[in-house]
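Geometric and topological summary
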Amino acid sequence: EAAFSALITQGKKGSVTMKELARELPQLAPTMAQFKGGTGLAGLRQLGAAMQVINKRYNSASESATAFQSLAIALQSHAGKLDKAGVDVFDVGPDGTKRLKDLFVIIDNIGRSDLMKDPGKLIKVLGRAEAVFPLQQLIRLREVRDEIRAAGEDAGAVERDIDAGLVGQG
């Protein structure tokens, strides 16, 4: 119920409905799971917030999902270039295993870096403009992103919608 409540609440704050996000989840969830905290309810809330913010730039949930995938792939495949620019994207475990840091931590670190002062350099580091656009959106609308993520912590949306007669109408 908490997962449905998160998606319902976030959908009301943005423009990607729960139904649209559910259609994209099979491709997005494995990508999100690669980031620290990217699984379970916390990962779903973060993914939902990212999709709502990215979708403010695109015309559909599908396009936003593609943009999210492009960003996630670029963060991993260009980690070396990001590191040279002062943005570390990996945590290293005691056994030496690397794992991607929390998605929003990486994004915020890029937002505070010198890369944000030069869009051309940012494109060069991430390898493609398709990865830069969702990144810029998530940085520029950080407060909205965090507000939507926090709204997803409301675990009572399903019950309230049932009580209001909004569930089961089609």
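A brief report on the enclosed structure follows.

Calculation notes
- Throughout, residues of each chain are indexed from 1 in the direction in which the sequence is written.
- Totals for whole chains, interfaces and linings use every residue, but because this is a predicted model, local features are given only for residues with pLDDT of at least 70 and side-chain atom pairs only at 80 or more, for both listing and counting.
- Note: side-chain values were computed over all heavy atoms of the structure, leaving out hydrogens and water.
- In this text, helices come from DSSP runs of H or I with a minimum length of four residues, and strands from runs of E with a minimum of two, each type numbered from the N-terminal end.
- Within these notes, the globule rule equals 2.2 Å times the number of residues to the 0.38 power, and the radius of gyration is based on C-alpha atoms.
- Throughout this description, buried means an accessible area under 20% of the type-specific maximum (1.4 Å probe, protein chains only), exposed means over 50%, and partly exposed covers the range between.
- In this description, contact between two residues means that some pair of their heavy atoms is separated by no more than 4.5 Å.
- Using a 1.4 Å probe, accessible areas were evaluated by the Shrake-Rupley method; residue-level cover was limited to the displayed protein chains.
- Given the number of residues in a helix, its expected span is that number minus one, multiplied by 1.5 Å.
- What the bend at a residue measures is the angle between two axes, fitted to the seven residues ending there and to the seven starting there.
- Any Lys or Arg side-chain nitrogen found within 4 Å of a carboxyl oxygen on Asp or Glu counts as a salt bridge.
- To obtain each axis, a line is fitted to C-alpha atoms, and for helices this fit is confined to the stretch in contact; angles are then taken between N-to-C directions over 0 to 180 degrees.
- Any angle that is under 35 degrees is reported as roughly parallel, and any over 145 degrees as roughly antiparallel; angles of 65 to 115 degrees are reported as roughly perpendicular and all others as oblique.
- As a working rule, the residues Ala, Val, Leu, Ile, Met, Phe, Trp, Tyr, Cys and Pro are called nonpolar, Asp, Glu, Lys and Arg charged, and the rest polar, with Gly in that last group.

Re the overall build of the protein chain
- A tally of helices and strands in the protein chain yields ten helices and two strands.
- For the protein chain, the succession of helices and strands along the chain, N to C, is α-α-α-α-α-β-β-α-α-α-α-α.
- Its C-alpha atoms give the protein chain a radius of gyration of 17 Å, near enough to 15 Å, the size a compact globule of 170 residues would have.
- C-alpha atoms of the protein chain, sized along the principal axes, occupy 55 × 40 × 25 Å.
- Considering the protein chain as a whole, with its 170 residues, one finds that 44% of them fall into the buried category.
- Partitioning the contacts of the protein chain with sequence separation of at least 6, the portion at a separation of at least 24 is 67%.
- Split by element, the accessible area of the protein chain, about 8,700 Å² in all, is 52% carbon and sulfur.

A look at helix α2 (residues 18–32)
- In a regular helix each residue adds 1.5 Å, so 15 residues correspond to 21 Å; α2 covers only 17 Å between its end C-alpha atoms and thus falls short of that length.
- The axis of α2 is deflected most strongly, by about 65°, at leucine 25, and proline proline 26 appears within four residues downstream.
- Of the surrounding secondary structure, the elements contacted by the buried residues of α2 are α1 (2–13), α3 (40–54), α4 (61–77) and α6 (103–112).

What about the pattern of salt bridges?
- The final tally for this structure, using the stated rule, is ten salt bridges.
- Across the pair glutamate 147 and lysine 13 runs a salt bridge whose closest N-O atoms are separated by 3.6 Å. One end of the pair, glutamate 147, is in helix α9 (residues 142–151); the other, lysine 13, is in helix α1, with 134 residues separating them in the sequence.
- Judged by its relative accessible area of 43%, lysine 13 is partly exposed.
- Members of the salt-bridge network, linked through shared partners, are Asp108, Arg142, Arg145, Asp146 and Arg149.

Overview of the packing of α2 against α4
- Orientation of α2 relative to α4, taken along the N-to-C sense of each, is 5°, at an axis distance of 10 Å. One finds that α2 runs roughly parallel with respect to α4. Facing Glu20, Glu24, Gln27, Leu28, Thr31 and Met32 of α2, the residues of α4 in contact are Ala61, Ser62, Ala65, Phe68, Gln69 and Ala72.
- Looking at side-chain class alone, the contact of α2 with α4 contains six nonpolar, four polar and two charged residues.

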